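Examining the three-dimensional arrangement
Single-letter residue listing:
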Amino acid sequence: MSTRPSWRLVGATVLALGLLAGCGATDSGTDDTGGDVATRVFQADNGDITIPADPKRVVATGYAVPVLIEADAALVGISTWKRGLAMMTEEDLATYEGLDKIAGETAAETNYEAIANAKPDLIVIGVPAPVLADIDLDRLESIAPVVAIGPTVPSAWRDLSRRQSDAAGRLDNFEAAKTAYETKAAELKTKYADALTGLEFGHLGAYGAVAAGTFHREFAGSWGTNIAQDVGVTYYGEVKKKGGGGLDVTEYPSIEEVPASFGAADAITYTLQADGTVSEAVQRVLDTDLWKNLPAVKAGLVFPVRYTEAATFASALKTLDSLDQALAPLLTR
């Protein structure tokens, strides 16, 4: 049975989307040596925080880890980020491995002493708002300014990563990665425009619970769908009852509901693991007669996709490559 990533937002209260990182007038403070340092006011999930205008020693956790590695931020410590290692470039992976780990996969595994020893001038907490309750913010704030910039719904990683890059003073690097992604997505959207016309997709995710007899249905804006939408894939339907955060765009029906959930789909995408294999939760669905008798399956319009949990523009390029490979048969229909 698959285990959901511990930093992932599932069932949490949705924070206000579109919250922009604000920058007030540049001011000045003092560094560890008593020298002047330019500061600014940054609008974070935990309020308006005065931070260095050009941070020199940054600690990052959660979703901020891959973002700030890719943005070449001045990192001196990070939490572990095992879920994203397969999506990193060799250079970024080497950076990740070379950095001190000041926290584990959960917020509760934060090592405050290690953070203090890293002597950061900025701490970027990239976890969902409800998870902040597991962190001693007062203790962190006694070490350095803390900005919490955590996920809401899955598709919000675009703005999330922009805000995190901005906090670390690396917006230029972020914009370069964003442009590369958008250029590639636009090329694929043009390439598959005719082939995708009129097709309504469903998506089978990887986090069903085999023991509980459930499967993972993802709708538009979820991890398995949001990048595919950028190349023109249309996902129909919506959750029966929104539960906040990820549960606004994903649900976990019983296996008996496979026909009801996917029966109207013209085509279906499903999540592969990063190594290209099928997870136990997905395989459990693929092996059922309920799945095999779906119209989309009988028509051969089923497309496996890797790297669906990309949460940065650089890693999402890998998702686009996987989508291009998966959807290629549509061009010869």
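It should be noted that the structure appears before, not after, this text.
The following paragraphs examine the structure supplied in this document. (Residues numbered from 1 in each chain as written. Predicted model: local features only at pLDDT ≥ 70, side-chain atom pairs only at ≥ 80, totals over all residues. Heavy atoms only, no water.)

1. Structural notes on the pairing of strand E5 (residues 75-79)
A regular strand places its side chains so that they alternate between the two faces of the sheet. Counting buried residues along E5, five of its five residues qualify, which places the element largely inside the surrounding structure. With three bridges connecting them, strand E4 (residues 58-62) and E5 associate as parallel partners. The residue of E5 that forms the bridge with Val 58 is Leu 75. Following the backbone out of E4, through helix H1 (residues 64-70) and into the adjacent parallel E5, one traces a crossover that is right-handed. Of the pairings in the sheet, the one linking E5 to strand E6 (residues 101-103) comprises two bridges and is parallel in character. The residue of E6 that forms the bridge with Ile 78 is Lys 101. (Buried < 20%, exposed > 50% of the residue type's maximum accessible area, 1.4 Å probe, protein only. Helix = DSSP H or I, 4+ residues; strand = E, 2+ residues; numbered from the N terminus. Pairing = 2+ DSSP bridges. Right-handed = clockwise from strand over helix to strand, strands pointing away.)

2. Considerations on unusual backbone geometry
A positive phi angle, near 50 degrees, is found at Lys 119, a position not held by glycine. Among the secondary structure elements, Lys 119 is positioned in the loop between helix H3 (112-118) and strand E7 (122-126). Among the residues examined, Lys 119 registers a relative accessible area of 51% and is labelled exposed. The backbone phi angle of Tyr 307 is positive, close to 60 degrees, even though this residue is not glycine.

3. Quick notes on the pairing of E7
Among the five residues in E7, five count as buried, and that is most of the element. Burial along E7 is two-sided: the face carrying Leu 122, Val 124 and Gly 126 and the face carrying Ile 123 and Ile 125 are both buried. By the bridge criterion, five bridges tie E4 to E7 in an arrangement that is parallel. For Thr 61, the partnering residue across the bridge sits in E7 and is Ile 125. For E7 and strand E8 (residues 146-148), the ladder comprises three bridges, and the chain directions are parallel. When the sheet's bridge partners are listed, Ile 123 is paired in E8 with Val 146.

4. Considerations on the side chain of Asp 324
Here Asp 324 is to be found in helix H13 (residues 313-327). According to the relative accessible area criterion, Asp 324 is buried, its value standing at 16%. Setting aside residues no more than four positions away along its own chain, Asp 324 makes contact with Leu 188, Lys 191 and Tyr 192. (Contact = heavy atoms within 4.5 Å.)

5. Here's the deal with the sheet that holds strand E13 (residues 302-305)
By way of backbone hydrogen bonds, the strands of a sheet pair with one another, either parallel or antiparallel. Taken in spatial order, the five strands make up an open sheet running E11-E10-E9-E12-E13, and their pairing is mixed. One side of each edge strand has no neighbouring strand; the edge strands of this open sheet are strand E11 (250-251) and E13. In this structure, strand E9 (residues 201-205) lies alongside strand E10 (residues 216-218), joined through three bridges in antiparallel fashion. Of the residues in E10, the one forming a bridge with His 203 is Glu 218. In the packing of H13 onto the sheet, contacts are made with E9 and E13, and the angle to E13 comes to roughly 155 degrees. (Axes fitted to C-alpha atoms, helices over the stretch in contact; angles between N-to-C directions.)

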